[in-house]
Amino acid sequence: AYVLTRAALIDCERGRTKQAMERATEALAYARLLERATETLLASAVLAYGHLGRGDAASAAQFAAEVTRLTPGAAVWAGEIAAGLLPGQPLKAAGG
């Protein structure tokens, strides 16, 4: 999950949204299986970002809601990354 989410984030930075979403989908399954909040948050953020880019607001909103739900229990830096991918989303950092 860790490697896949990092690769997906790099794909986002380089404009490879389709590949980012493929990696994030796989990462999300592993992160949920392993109960890793930070990796689940990052994969969900990439998927929300990708769906926004495709114009699929409903799917983007579902993944953004998951990001918001997970942000308080995940690493602060992951919430910051998610906020960068999803500007305008009301994300709350851990401890705040």
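Fair warning: this is a prediction, and the values are worked out from it, not measured in the lab. (Residues numbered from 1 in each chain as written. Predicted model: local features only at pLDDT ≥ 70, side-chain atom pairs only at ≥ 80, totals over all residues. Heavy atoms only, no water.)

Asks: Would you mind going over the overall build of the chain with me for this structure?
Replies: Within the chain, the secondary structure is distributed over five helices and zero strands. When the helices and strands of the chain are placed in sequence order, the string is α-α-α-α-α. By the compact-globule yardstick of 12 Å for 96 residues, the chain fits well, its C-alpha radius of gyration being 12 Å. Counting only C-alpha atoms and orienting by the principal axes, one finds that the chain spans roughly 35 × 30 × 20 Å. Taken across its 96 residues, the chain has 44% of its residues classed as buried. Pairs at least 24 apart in sequence give 53% of the contacts found in the chain among residues at least 6 apart. (Helix = DSSP H or I, 4+ residues; strand = E, 2+ residues; numbered from the N terminus. Rg over C-alpha atoms; globule rule 2.2 N^0.38 Å. Buried < 20%, exposed > 50% of the residue type's maximum accessible area, 1.4 Å probe, protein only. Contact = heavy atoms within 4.5 Å.)

Asks: Would you mind going over the nonpolar core with me for this structure?
Replies: Grouped together as the largest cluster of nonpolar side chains are 25 residues, with contacts concentrated most on Leu41, Val46 and Leu85. Among the elements of the structure, α1 (2-13), α2 (17-33), α3 (37-54), α4 (57-70) and α5 (76-85) are those that each provide at least two residues to this core. A per-element tally of this core places α3 first, with seven residues. Ignoring sequence-local partners within four residues, the contact set of Leu85 consists of Leu9, Cys12, Ala45, Val46 and Tyr49. (Core = buried A, V, L, I, M, F, W, Y, C linked by side-chain atoms within 4.5 Å.)

Asks: What am I meant to see in unusual backbone geometry here?
Replies: In this structure, Glu35 takes a positive phi of about 55 degrees despite not being glycine. With respect to the helices, strands and loops of the structure, Glu35 is situated in the loop between α2 and α3.

Asks: What exactly am I supposed to notice about the environment of His51 here?
Replies: When you line up the elements, His51 lands in helix α3. In contact with His51, not counting residues within four places along its chain, are Met21, Asp56, Ser59, Ala60 and Phe63.

Asks: Looking at this structure, I do not really get the pattern of salt bridges. What am I missing?
Replies: Pairing between side chains of opposite charge can happen when the charged atoms of each approach one another. Scanning the entire structure with this criterion turns up five salt bridges. Across the salt bridge formed by Glu39 and Arg6, the nearest N and O atoms sit 2.7 Å from each other. A residue pair is termed long-range when its members are at least 10 positions apart, and Glu39 in helix α3 and Arg6 in helix α1 qualify at 33 residues. Residue Glu39 is classed as buried on the basis of its relative accessible area of 9%. Across the pair Arg16 and Asp11 runs a salt bridge, and its minimum N-O distance is 2.8 Å. (Salt bridge = Lys/Arg side-chain N within 4 Å of Asp/Glu carboxyl O.)

Asks: Help me understand the packing of α1 against α2, please; the structure alone is not making it clear to me.
Replies: Helix-helix packing is characterised by the crossing angle of the two axes and by the distance between the axes. Running from amino to carboxyl end, α1 crosses α2 at an angle of 160 degrees, the nearest separation of the two axes being 8 Å. As summarised for this structure, α1 and α2 are arranged roughly antiparallel, according to the angle between their axes. Handedness of the α1/α2 crossing: left-handed. Of α2, the residues touching α1 (which contributes Leu4, Thr5, Ala7, Ala8, Asp11 and Cys12) are Gln19, Ala20, Arg23, Ala24, Glu26, Ala27 and Tyr30. (Axes fitted to C-alpha atoms, helices over the stretch in contact; angles between N-to-C directions. Parallel < 35°, antiparallel > 145°, perpendicular 65-115°, else oblique. Left-handed = near helix turned anticlockwise from the far one by under 90°.)

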